[in-house]
Amino acid sequence: MADQAGTSAAHQETAPDPAPGPGRAATPVRDGIGLGLAVGVSGLAYGAAAVGSGLSTGQACALSLLAFTGASQFALAGTVAAGGSLAAGVVSAVLLGSRNTLYALRLAGTLAVRGPARLLAAMGVIDETTAMATAQPDRASSRTAFWATFGTLYLTWNLATLAGALGAGRFGSPQDMGLDVVGPAAFLALIWPRLRNGRAERAAAAGGALIALATVPFVPPGVPIILAAPAALAVAWVTRGRAAGAADAAGGGAAAGDGAPR
Amino acid sequence: MTAVWAAVLATAAGCYGLKLAGLVVPPRLLERPLARRFAELVPVALLAALIAVQALTSGQSLQADPARLAGMTAAVAALLARLPFLLVIVAAAATAAVIRLC
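Residues numbered from 1 in each chain as written. Chains lettered and ligands numbered in written order. Predicted model: local features only at pLDDT ≥ 70, side-chain atom pairs only at ≥ 80, totals over all residues. Heavy atoms only, no water.

Asks: Before we move on, can you summarise the overall build of chain A with the specific residues and values?
Replies: Assigned secondary structure in chain A consists of 16 helices and zero strands. Within the span of chain A, comprising 262 residues, buried residues form 55% of the whole. Long-range pairs, those at least 24 residues apart, make up 78% of the contacts in chain A with a sequence separation of at least 6. Carbon and sulfur atoms make up 70% of the accessible area of chain A, which amounts to about 9,900 Å² in all. (Helix = DSSP H or I, 4+ residues; strand = E, 2+ residues; numbered from the N terminus. Buried < 20%, exposed > 50% of the residue type's maximum accessible area, 1.4 Å probe, protein only. Contact = heavy atoms within 4.5 Å. Areas by Shrake-Rupley, 256 points an atom, 1.4 Å probe, with all protein chains shown as cover.)

Asks: Which residues make up the pattern of salt bridges, and what values do they have?
Replies: Using the criterion set out here, one finds eight salt bridges over all chains in the structure. With a shortest N-O distance of 3.8 Å, Arg30 of chain A and Asp31 of chain A are connected by a salt bridge. Judged by its relative accessible area of 44%, Arg30 of chain A falls in the partly exposed class. Close ionic contact of Asp65 of chain B with Arg68 of chain B constitutes a salt bridge, the shortest N to O distance being 3.6 Å. The same class applies to Asp65 of chain B and to Arg68 of chain B, which are both buried. Taken together, the shared-partner salt bridges in this structure form one network comprising Asp180 of chain A together with Asp65, Arg68 and Arg100 of chain B. (Salt bridge = Lys/Arg side-chain N within 4 Å of Asp/Glu carboxyl O.)

Asks: Which residues make up the packing of helix α11 (residues 182-197) of chain A against helix α3 (residues 66-80) of chain B, and what are the values?
Replies: Where α11 of chain A contacts α3 of chain B, the two axes come as close as 10 Å, and the packing angle between them is 30 degrees. Relative to α3 of chain B, the element α11 of chain A lies roughly parallel. Judged by the sense of rotation from one axis to the other, the crossing of α11 of chain A with α3 of chain B is right-handed. The residues of α3 of chain B that touch α11 of chain A, namely those facing Pro184, Ala185, Leu188, Ala189 and Trp192 of chain A, are Met72, Ala75, Val76, Leu79 and Leu80 of chain B. (Axes fitted to C-alpha atoms, helices over the stretch in contact; angles between N-to-C directions. Parallel < 35°, antiparallel > 145°, perpendicular 65-115°, else oblique. Left-handed = near helix turned anticlockwise from the far one by under 90°.)

Note that all results are geometric; they support no functional claim without further evidence.
Have a look at this one:
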């Protein structure tokens, strides 16, 4: 079991860090905590929106504690607000969470968790933790980054949800502080090194972004993101030969934090 | 009330189940080159989609909010200047906040 996990992780992240800088080990922790705090504050907006939609404070908090994936939480609150079919609302909210399955596929080998630790880690597989973990140069940093981001974001998101549900949003919206830009800016910073270093990565990113923008007007919010997955599949198909002959190159792609601007 | 609670708990169970499903897939299935390449590229494609949607849309329409665009421009400038990660997001948020104040 442990052997399997070790092998697949070794495939994914074997590239050595060519330029270990001072304070390198501290970066995943510091960056993870910073991102967790900054993004977690958006829980204020979610808490306020959820209660405004007709969810109780307990229901708003239960979603943050147990679903812990923003897009799905907003989607269910939106359905309740619109008075739509709850069953349909549940289905679309859950479907919105399917991108986390794809993230988990990528993170499984890196995290290499079993038993109770795996049940806990699963809760933390979301956009922010995946972006932070996959931007690291080696497996140890990836795991550290995942847990630091997850722990901080989980605490902040849940506290902010409660505060937002209780009305704290009245004292200034996250948007006024520019916090709505934190997510996209952070994701861009985290995929930046991979975009610089890989043509396949650039193609997948451009394809994904174009598909999402083209479909936004026609499908419910959140769906355009998952529709970007075929872009990754297409690029993977075109470049599969390259990956087959060069496990190291694939690892290098995963570990393109090498040239990270830090 | 009870129906809403059922919906809340069903959503939570479904979302958690989807996350767990990806973690419990046998590593062997991911050893095929195409699957591994796909798993490698998925975060890039999806996060790029997320960036585009969060930066350039509002609800279901394409919308260029000047403050958000300025924030993203500041992020790109900070990245080109090779600033550390936290400074990149601070630059982006501060720029958007200042523009909204004006």
